[in-house]
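Examining the three-dimensional arrangement
The chain contents come next:
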Amino acid sequence: MAKMELRLTGSGGQGVILATIILAEAALSGGKNAVQSQSYGPEARGGMCKAEVIVSDEQIWFTKVQKPTFLLALTQDSLEKYSKGLDRDCLVMADSSLDLPESLKGMKVLQVPILETARDVVGKSFTANIVAVAAINSALCLVPFEVLKESVMHRIPKGTEAINLKALEEGAKLVRS
Amino acid sequence: MSKKVLMQGNEAVVEGAIAAGMRFYAGYPITPSTEIAEQSSVRLPQVGGTFIQMEDEISSMAAVIGAAVTGAKAMTATSGPGFSLKQENIGYACITEIPCVIVDVQRSGPSTGLPTSPSQGDVMQARWGTHGDHPVIAISPASVSECYFLAIRCFNLSEKYRTPVILLMDEIVGHLREGVEIPDHLDIEVVDRRLHTDKGHMPYEADEKGVPGWHLCGIGRYNITGLSHDVSGFPTNSNEVTDKLVRRLMGKIQNNADDIIEVQEEYLDDAETVVLCYGGTTRAAMSAVLEARAAGYKVGMFRPITVWPFPEKRLKEISSGKKVKRIIVAEHNFGQIVLEAERIVKNDCKIDFIGKVDGTVITPGEILEKIKEAE
Amino acid sequence: MPSKLIEKYIREDHLPHIWCPGCGHGILMRDVAEAVSELDLDQEKVFLISGIGCSSRAAGYMDFNTLHTTHGRAIAFAEGVKLARPDLNVLVIAGDGDIAAIGGNHLIHAARRNIDITVVVFNNDIYGMTGGQFSPTTPTGDFATTAPYGNIDRPFDIAKLAEASGATYTARGTAYHAQLTIKLIKEGILHRGFSLIECASVCPTYYGRKNKKGGSVELMTWQKDNCVLSEKAAKMTKEELEGKLVIGKLSETDLPEYTDEYKKIIDKARGYHG
């Protein structure tokens, strides 16, 4: 497997950090090496948030994403900021509600209704990160669904298993792997 | 059976500390070290230990020493501003020879600086932060796995040498998550302070290593003071006794440097250029070194795992070797360890410096560029 | 010939002490020894902690487990000792500057936690060890080396400060009222929770001299003539209490103690119920 550098972006409170933790844990359970890190400002809610996962069969030295092979954007701000300077072969997943900036012309872009699915199909907006995790896993063929499910269950608060499982299943349907 | 689990650096410190026997934690919330307090508050009562959130950084350090005096293995964690506040009591632990561990997850400074951004600006504070001449051990992890194992090492060294030990982390590893292979507890070497078993010993009577034995709390009613003291533990105004005390305190670390110091060396056999780095910077340095070697450059890496005492002897051997033409020091500050390198290397070879103070991490590209510069 | 009390509780080989002739601290230290003696506490189970200042030297002279720490931090060290070894009797001896200025934060928070520590304050209204600067308890208008034109600071009532912060036992004694002070220290030690006994000491060398209030005899005569027991004070008017010092037990309440509460946390975390 080639080294994958995933950058997940959005707004504080959308759970993108947890999403990267789940992906890293799933990759680790799947027998790969993974490192996860994040950068954020003082805001716990709102404000731009960036979290990253690097997945590789080899040992991972530098811990920060340098050339994303995948970008997720859940807000217009984050899409505009982080879509700049991407490599041509980087896969971009943008929420369907967002307008695609010029810089993404000719790039591989998946417009996925992550926020809408969480809000209207799953029924809880806070599950958007889990919907996204499932969609990303399908798009990148990272780990088997069962492995992903296990890491989700390990990391979510007790009592939210059913709704998060639904989010996971709905998210997986959004992208054909 | 060991298992590999995803852990954050800060979290791994707590697990390592508990494996080493930590049963007391006192702290005060501060970014980017707060997860250490949070995790300790969850984990310590589970193992019968005690967590307390104190009213400030100063009292946290005081409570840690108080608990350690009774025999508990105790720890606190902080970041730059809090590390400054703890310094007076760290000096107290040095002169009274109370084992304890202080974690400093460095962040961008000075003052409040960039609280969520990485830095290595406390390296000299770790060495000279408290007033007066005093011994220091400071250890700097470069991975989450090392956060676990070096936390254990910090406790073991603090017990063995009866001295506060600093786990000098940075935001890069503190907030990093990666897999850690947690060993079976039976496979972990845990060192406990040497006890004075018979009553004939004076409390500060040292062994050949310069380390006094430990009197159990509640047996013998001994005195501990931050004043200059003699072997009985009571204050003295004697210049001669004071001289002896300070020399022994410094000596117990200096004279046992070979036991205390650990380094990581990569590709030094044929290296003409050596990248000197420590802590989180190691990750970028190693990436750069591998990339440069793949491109045919004769480059290696030298990393003090033990930052204090600095691996002076080994660096001198490397710099005075015939092949080495240049040492590149990379650190997240305006130049701290580079001063140490210059002092040791002198005219053996050229020293280049990469220092970053903007709150972003040094990238492999920046180091690679420097490696290529001279060729 | 030293008395049996001195022989048992004072480290005679570390005498003479550093205190000036006429200092009230020696009497107060003896009161602490007498209280421990009357309660028949196991000396090995007594941990005495002090900070920095004249009063804090008591730790070196008293034959318990003793910890002479940094300026202002004695209570914080004591909390570490008590939390790690709840079975110990933990005493703190501190001065007014130590506990109400540099260490004020630790006093109010330890009181708030109601941790089972007994604090005996040797209050001489002055920084003695550094040579007579005004302290947080120096009365307004008094003189000190750093208040050459008279002190404009308002003084703290340390006992009241402790009570307001959550201490569940507070009292005041004096160097002159030895029997009462011994009784109050005993009550403080027996009380389960944070207790503070503020003891008015005397400092003839700095406070007395600077304020032309005479030597030790005059300062203690003032204590003899101007103290009012709290029971009696309760029936007096504000005007009648003007210029008087209220002594005796000042407050006592029964509230959960911190190490007892933490024991419950351990049980909960380990999954023990009941």
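Here is a short report on the structure shown in this document.

Thoughts on the overall build of chain C
Scanning chain C from terminus to terminus reveals 13 helices and ten strands. In terms of overall dimensions, chain C has C-alpha extents of about 65 × 45 × 35 Å along its principal axes. A buried classification covers 57% of the 274 residues belonging to chain C. Element-wise, carbon and sulfur atoms account for 56% of the exposed surface of chain C, whose accessible area totals about 11,800 Å².

Describing the sheet that holds strand S12 (residues 273–276) of chain B
Residues and elements named next belong to chain B. Across the sheet, five strands lie side by side as S11-S13-S12-S15-S16; this open sheet has mixed pairing. With partners counted over all chains shown, the strands left at the sheet margins are strand S11 (263–266) and strand S16 (350–355), one partner each. Direction aside, neighbouring strands of the sheet carry axes that sit 20° apart on average. Judged from the four bridges that link them, S12 and strand S13 (residues 299–304) form a sheet pairing that is parallel. Across the sheet, the residue bridging to Thr273 is Val299, located in S13. Along the sheet, helix H10 (residues 281–294) makes contact with S11, S12, S13 and strand S15 (326–331), crossing S13 at roughly 165°.

Here we look at the interface of chain C and chain B
In many reports, interface size means the accessible area that the parts give up when they come together. Each partner contributes residues to the interface: chain C has 37 residues there, and chain B has 38 residues. Note on chain C versus chain B: buried area summed over both sides is about 3,100 Å², and carbon and sulfur give 57% of it. Per-residue buried area on chain C facing chain B is highest for Glu44, Phe77 and Tyr262 of chain C; these three make up 17% of the total on that side. For the pair chain C and chain B, the interface holds three salt bridges. Here Glu55 of chain B makes a salt bridge to Arg113 of chain C, at a shortest N to O gap of 2.8 Å. Inspection of the chain C/chain B interface yields 20 residue pairs in polar contact (both at pLDDT 80 or more). Within the residue set of the side of chain C that touches chain B, elements represented by two or more residues are helix H3 (58–61), strand S2 (65–68), helix H4 (74–84), helix H6 (104–113) and helix H13 (258–269) of chain C. Broken down by element, the side of chain C that touches chain B gets its largest block of residues, seven residues, from H4 of chain C. Its residues placed into classes, the side of chain C that touches chain B shows 15 nonpolar, 13 polar and nine charged. Judged from the three bridges that link them, strand S10 (residues 223–225) of chain B and S2 of chain C form a sheet pairing that is parallel. By the bridge assignment, Asn223 of chain B is partnered in S2 of chain C with Thr66 of chain C.

Quick word on the pairing of strand S10 (residues 245–252) of chain C
Residues and elements named next belong to chain C. Direction of pairing for strand S7 (residues 169–174) relative to S10: antiparallel, over a ladder of four bridges. By the bridge assignment, Tyr169 is partnered in S10 with Glu252. With three bridges connecting them, strand S9 (residues 227–229) and S10 associate as parallel partners. Following the sheet pairing, Leu229 is matched in S10 by Ile247.

Focus on empty space enclosed by the protein
Residue and element names in this part refer to chain B. Per the stated rule, a full pass over the model turns up three cavities of 30 Å³ or more. Approximately 60 Å³ is the volume found for the largest cavity. Along the walls of the largest cavity sit Thr96, Arg162, Pro203, Tyr204, Gly213, Trp214, His215, Tyr222 and Ile224, which together make up its complete lining.

Parameters at a glance
Residues numbered from 1 in each chain as written. Chains lettered and ligands numbered in written order. Predicted model: local features only at pLDDT ≥ 70, side-chain atom pairs only at ≥ 80, totals over all residues. Heavy atoms only, no water. Helix = DSSP H or I, 4+ residues; strand = E, 2+ residues; numbered from the N terminus. Buried < 20%, exposed > 50% of the residue type's maximum accessible area, 1.4 Å probe, protein only. Areas by Shrake-Rupley, 256 points an atom, 1.4 Å probe, with all protein chains shown as cover. Pairing = 2+ DSSP bridges. Axes fitted to C-alpha atoms, helices over the stretch in contact; angles between N-to-C directions. Contact = heavy atoms within 4.5 Å. Buried area = accessible area lost by both parts, 1.4 Å probe. Salt bridge = Lys/Arg side-chain N within 4 Å of Asp/Glu carboxyl O. Polar contact = N/O pair within 3.5 Å; in protein donor to acceptor, adjacent residues only side chain to side chain. Nonpolar A, V, L, I, M, F, W, Y, C, P; charged D, E, K, R; others polar. 1 Å grid on protein atoms, 1.4 Å probe; cavity = no way out; pocket = protein on both sides within 12 Å on 5 of 7 lines; lining within 4 Å. Points joined across faces, edges and corners; volume = space filled by probe spheres on them.

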